[in-house]
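# Observations on the three-dimensional arrangement
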Amino acid sequence: MREVRLVFSKTDRCKYISHLDINRCMSRALARAKIPLWFTEGFNPHPYMSFSLPLSLGVESLCESVDLRITDDISNDEIKNRMNEMLPTGIRIVDVLDDFRDCSEIAFSDYVYKFQFCDNEAALERINAVLSSSEIMAEKKAKKGKRRIVKETNLKPYIDKYSISIRNDEIVLNIRLAAGPERNLNPTLLFDTIIKLIDMDFEWRSIARISLLDKNYVLFK
């Protein structure tokens, strides 16, 4: 038995598939592709699957991953080819790794936001003002005992760096956010907070996760 990591992209309409449904989608594709998986023991055996970092609904990604345990002799290329034949359009296996790091080492995530407004120049100025301020206060849902509450949270400490510009009639924001088991900022919460603070209607937007990094800014694999 050996452990492998499937690195996959999730784009286009598949960005609206929830993490739970991605789990089901992978399980079914693995079964149809006849990948020889190791199953847990007990009354309800199921294939071992461990995802790196759940993705927010509506966010695309080029760097998702799931770890599996393989029981028979099958090459990584064969795993990749069989899976891509069974997965829906928008989800593609881009690599299969034998040597990989523990998910606890993830510390940052790079995103690309794309906005479009009636007045991109004015929106760019306002977004820059929000991101460069000392505090970016957001309303965040939380739990207090068994009660659900809404509390104010400063998002600024979760932003490591960013750059913003207008390209092809779009505002493009490249931003590095805290991610992982210790500190994590939902990219959708940041988007919603920016839109609320600049108080401008937007025409179109997209968010994509393009890479994961460790605390030393080394690409996570």
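Before reading further, recall that the structure is shown in the block above.
What comes next is a walk through the structure.

Rules of the game
- Residues numbered from 1 in each chain as written.
- Predicted model: local features only at pLDDT ≥ 70, side-chain atom pairs only at ≥ 80, totals over all residues.
- Heavy atoms only, no water.
- Phe/Tyr/Trp six-rings, centres within 6.5 Å; stacked < 30°, edge-to-face > 60°.
- Helix = DSSP H or I, 4+ residues; strand = E, 2+ residues; numbered from the N terminus.
- Buried < 20%, exposed > 50% of the residue type's maximum accessible area, 1.4 Å probe, protein only.
- Lys NZ or Arg CZ within 6 Å of the ring centre and 35° of its normal.
- Polar contact = N/O pair within 3.5 Å; in protein donor to acceptor, adjacent residues only side chain to side chain.
- Contact = heavy atoms within 4.5 Å.
- Arc of directions from axis to C-beta.
- Salt bridge = Lys/Arg side-chain N within 4 Å of Asp/Glu carboxyl O.
- Pairing = 2+ DSSP bridges.
- Disulfide = S-S within 2.5 Å.

## Here we look at the packing of aromatic side chains
In the structure shown here, the tally under the stated rule is eight aromatic pairs. Plain terms: the ring middles of Phe8 and Phe51 are 6.5 Å apart, the flat faces sit at 85 degrees to each other, and that makes the pair edge-to-face. Separated by 43 residues along the polypeptide, Phe8 in strand E1 (residues 2-10) and Phe51 in strand E2 (residues 49-51) bring together distant segments of the chain. Here Phe8 matches Phe51 in class, with each residue buried. Ring geometry for Trp38 and Tyr48: centres 6.5 Å apart, planes at 65 degrees, overall edge-to-face. Here Trp38, found in the loop between helix H1 (19-32) and E2, pairs with Tyr48, found in the loop between H1 and E2; they are ten residues apart in sequence, far enough to count as distant. A residue is classified by how much of its surface remains accessible, and Trp38, at 25% relative accessible area, is partly exposed. Pairwise contacts between aromatic rings join Tyr111, Tyr113, Phe115, Phe117, Phe191 and Phe202 into one cluster. The lysine or arginine in question, Arg69, covers the ring of Tyr48, its NZ or CZ lying 4.0 Å from the ring centre.

## Quick notes on the side chain of Asp214
Residue placement: Asp214 occurs in the segment after strand E10 (202-213). Given the relative accessible area of 6%, Asp214 is considered buried. A distance of 2.8 Å separates a polar atom in the side chain of Asp214 from the backbone nitrogen of Asn216. A polar atom in the side chain of Asp214 sits 2.8 Å from the backbone nitrogen of Val218. Apart from the residues within four sequence positions on either side, Asp214 is in contact with Arg101, Glu105, Ala107 and Phe108.

## Observations regarding helix H2 (residues 76-86)
Of all the residues in H2, the buried ones are Asn76, Ile79, Met83 and Asn84. The buried residues of H2 all sit within an arc of 120 degrees when viewed along its axis, so they share a single face. Seen from the buried face of H2, the exposed residues on the opposite side, beyond 90 degrees, are Asp77 and Glu85. If you follow the buried residues of H2, they end up packed against E1, H1, strand E3 (60-70) and strand E4 (91-97).

## Quick word on the pattern of salt bridges
Applying the stated rule across the entire model yields nine salt bridges. Close ionic contact of Arg82 with Glu78 constitutes a salt bridge, the shortest N to O distance being 2.9 Å. Residue Arg82 and its partner Glu78 are both found in helix H2; the two are separated by four residues, about one turn of the helix. Under the relative-accessibility criterion, Arg82 is labelled partly exposed at 27%. A relative accessible area of 33% means that Glu78 is categorised as partly exposed. As a salt-bridge pair, Arg101 and Asp214 come within 2.5 Å of each other at their nearest N and O atoms. Placement of the pair is Arg101 in the loop between E4 and strand E5 (108-117) and Asp214 in the segment after E10, with a sequence separation of 113 residues. The network of salt bridges with common partners includes Arg101, Glu105 and Asp214.

## Here's the deal with unusual backbone geometry
Of note in the backbone geometry, Lys34 takes a positive phi value of approximately 55 degrees without being a glycine. Inspection of the secondary structure assignment puts Lys34 in the loop between H1 and E2. Exposure remark for Lys34: the relative accessible area of 67% places this residue in the exposed category. One non-glycine residue with positive phi stands out, namely Asp169, at about 65 degrees. Residue placement: Asp169 occurs in the loop between strand E8 (159-167) and strand E9 (170-178). Classification of Asp169 as exposed rests on a relative accessible area of 53%.

## Let's talk about the pairing of E5
Counting buried residues in E5 gives eight out of ten residues, a clear majority hidden from the surface. Taken together, the eight bridges between E5 and E9 define a ladder with antiparallel strand orientation. Opposite Phe115, over in E9, you have Ile171 as the bridge partner.

## Concerning the state of the cysteines
Covalent bonding between the sulfur atoms of two cysteines is what defines a disulfide. This model, assessed by the stated rule, comprises zero disulfides. With no disulfide of its own, Cys25 lies 6.9 Å from the sulfur of Cys14, the closest cysteine sulfur. Counting only cysteine sulfurs, Cys103 is the nearest neighbor of Cys63, a cysteine outside any disulfide, at a range of 12 Å. Residue class for Cys63 comes out buried when judged on its relative accessible area of 14%.

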